[in-house]
Every structure is written in structure tokens, then in C-alpha cells.
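What follows is the residue order along each chain.
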Amino acid sequence: MAQNIYDSEEFFEGYSQLGRSVHGLEGAAEWPAIRRLLPDLVGSRVVDLGCGYGWFSRHAREAGAAHVLGLDLSEKMIARAKADTSDPAIDYKIADLDQLDMPQASFDFAYSSLAFHYVEDFARLVATIHRALVPGAHFVFTIEHPIYMASLNPGWRIADGERTWPVDHYSAEGPRTTNWLAKGVIKHHRTIGTTLNTLMGAGFAIRHVEEWRPTQEQIAETPALAEEMDRPMILIVKVQK
């Protein structure tokens, strides 16, 4: 079973104050890049894996999806998603992505935002998603970029007036324990190669890979985003069955 860090009081309190938690999809700087990759959702059955507060689930319905299933391990997240949703065509359920099972050909589109780096058995999950999608369906997801999370002690280093981001142990895949919003947060590092090869091995065709970076307009509006030009924080992937 995956670590349920989001139900930690300390973690949940910190997460609830993030811009993306307060402002939803528009509060996530990578959202414009993701939105450009989304297929036409009119009439589709959508699964939102690691749905959190349900921001994307509600967006999918607004975009015309016929039904949306939002899944998350956190009881607190699901409770918040249900409280913020008054649409009978959106269902929220508690689910461990490491043990997920879904009916064959039950969805037309799959989406996930910044959840899969908490999943230990990525290959199993990818195979489950592939089986659950109809032929031709798209799957878009984001994860923390492997460069961003590879180090055993991530964070900016300042030496001789220069700032660098460590990428030690990049090729040593496996769990990483970090202190982010709370102590002892477990994430699972995989290289870009492993991530993409796992998708192709399950039968997906790669349609788009983006090492996200902010636009100059975003940096002008939010200068703090400039540091994202120095190392990639988010990897965006679109595949098709």
C-alpha cells in the first residue's frame, strides 16, 4: 500500500495553502501547457488518478465529459472533493494506485497530476490504465521530473556564488525520503528512460513529452518562476493506446 501522507494533519495543512490548492488549475503554472494537450472530452468517460480536491474532475465535466471518476488514496482529499462538487456525473472514490484495478475498456481518457511519483509499482499501474482505456484513447499525466527528485538530498546548492541543483544517484532508481510539507515523505524515483519505456512496453504510443518550463510572460508576472529555467521540475507526458 502506498504511503498516505496526504492524510497527515501537518502535510494536509501545508498542502491546502499552496497556490494550486487555493486557486485550482489556474493556480498551477504548468496548466496552460497541459490544457493544450487535452483531447476533446465531449461525451467521454474520464478517470482522474490522484484527483486531490477534484479540480480536474470538475474541469472535465465543464469540458463536456459524460462521466468522471476521481480516485485518491487520501480520505481528506476525497472528502474535500465531494464537498466542493455538486455534480452527480462525478464520482469520487478512495483508491490506492499501487493496488488499483479497473474494468477493461471502461474509459475514454485518463489523467493524472503529480501523483505517480508516489507510486512504487509504476509498471503495474500503467498496465492497469492501458487495459481500462478503449483503443485510441489518450492518457495525459504529470510527475515530478526525475532530475528534480533524483537526489538523496534535493535542494539548491550555493557555492562560489553559483547556484546548482544536485542530480546525484540519478541512475539509482527507487524510493526517496524527503521533508516536504512534512517529514518522511516517500517518493519513487525513476529515470526518464524507465518512465517512457514502461509506457511503451505496456502498449502505449508516445505522443508528447515536455520538460515543462515557464514562459517569459509567466516569469514577468511571477518572477519566482525564473528558477524553473535552471532545472526542470515537472515532466508532462501524453500517450495513446
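The text that follows walks through the structure, step by step, so that each part is easy to find. (Residues numbered from 1 in each chain as written. Predicted model: local features only at pLDDT ≥ 70, side-chain atom pairs only at ≥ 80, totals over all residues. Heavy atoms only, no water.)

**A word on the overall build of the protein**
Keep this limit in mind: Starting at the N terminus, helices and strands are each numbered in turn, a helix being any DSSP run of H or I of at least four residues and a strand any DSSP run of E of at least two. Only protein chains enter the area calculation, which uses a 1.4 Å probe; residues under 20% of their type maximum are buried, those over 50% are exposed, and those in between are partly exposed. Two residues qualify as a contact provided that any one of their heavy atoms is within 4.5 Å of a heavy atom in the partner residue.
Regarding its fold elements, the protein presents 9 helices and 11 strands. When burial is assessed residue by residue, the protein has 51% of its 241 residues classed as buried. Put simply, of all contacts in the protein between residues at least 6 apart along the chain, 64% involve residues at least 24 apart.

**Quick look at unusual backbone geometry**
Positive phi values are uncommon outside glycine, yet Ala105 reaches one of about 55°. Note on placement: Ala105 falls in the loop between β3 (90-94) and β4 (107-113). In the Ramachandran plot, His169 falls in the positive-phi region, its phi being about 60° despite a non-glycine side chain. By the secondary structure assignment, His169 is in the loop between β7 (162-164) and β8 (174-178).

**Quick word on the nonpolar core**
Put simply, the rule is: By nonpolar core is meant a set of buried Ala, Val, Leu, Ile, Met, Phe, Trp, Tyr and Cys residues that side-chain atoms within 4.5 Å join together.
Counting residues in each nonpolar core, the largest one holds 30 residues, and the members touching the most others are Leu49, Phe116, Ile129, Phe139 and Leu199. Those elements giving two or more residues to this core turn out to be β1 (45-49), β2 (67-72), β4, α6 (122-132), β5 (133-144), α8 (192-201) and β11 (234-240). In terms of residue count, the dominant contributor to this core is β5 (6 residues). Within the second largest apolar cluster, 25 residues are counted, among which are Cys51, Ile90, Tyr111 and Ile236.

**Topic: the pairing of β11**
Put simply, the rule is: Any two strands with at least two DSSP-identified bridges between them are counted as paired.
By the criterion of burial, β11 is predominantly enclosed, with 7 of the 7 residues buried. Alternating residues of β11 divide into Ile234, Ile236, Lys238 and Gln240 and Leu235, Val237 and Val239, and every residue in both groups is buried. Two strands pair when backbone bridges link them, and β5 and β11 are joined in this way by 7 bridges, in the antiparallel orientation. By the bridge assignment, Glu144 is partnered in β11 with Ile234. Sheet topology note: the strand β10 (residues 205-211)/β11 ladder contains 6 bridges and is antiparallel. Paired with Glu211 across the two strands is Leu235, which belongs to β11.

On their own, these measurements won't tell you what the molecule is for.
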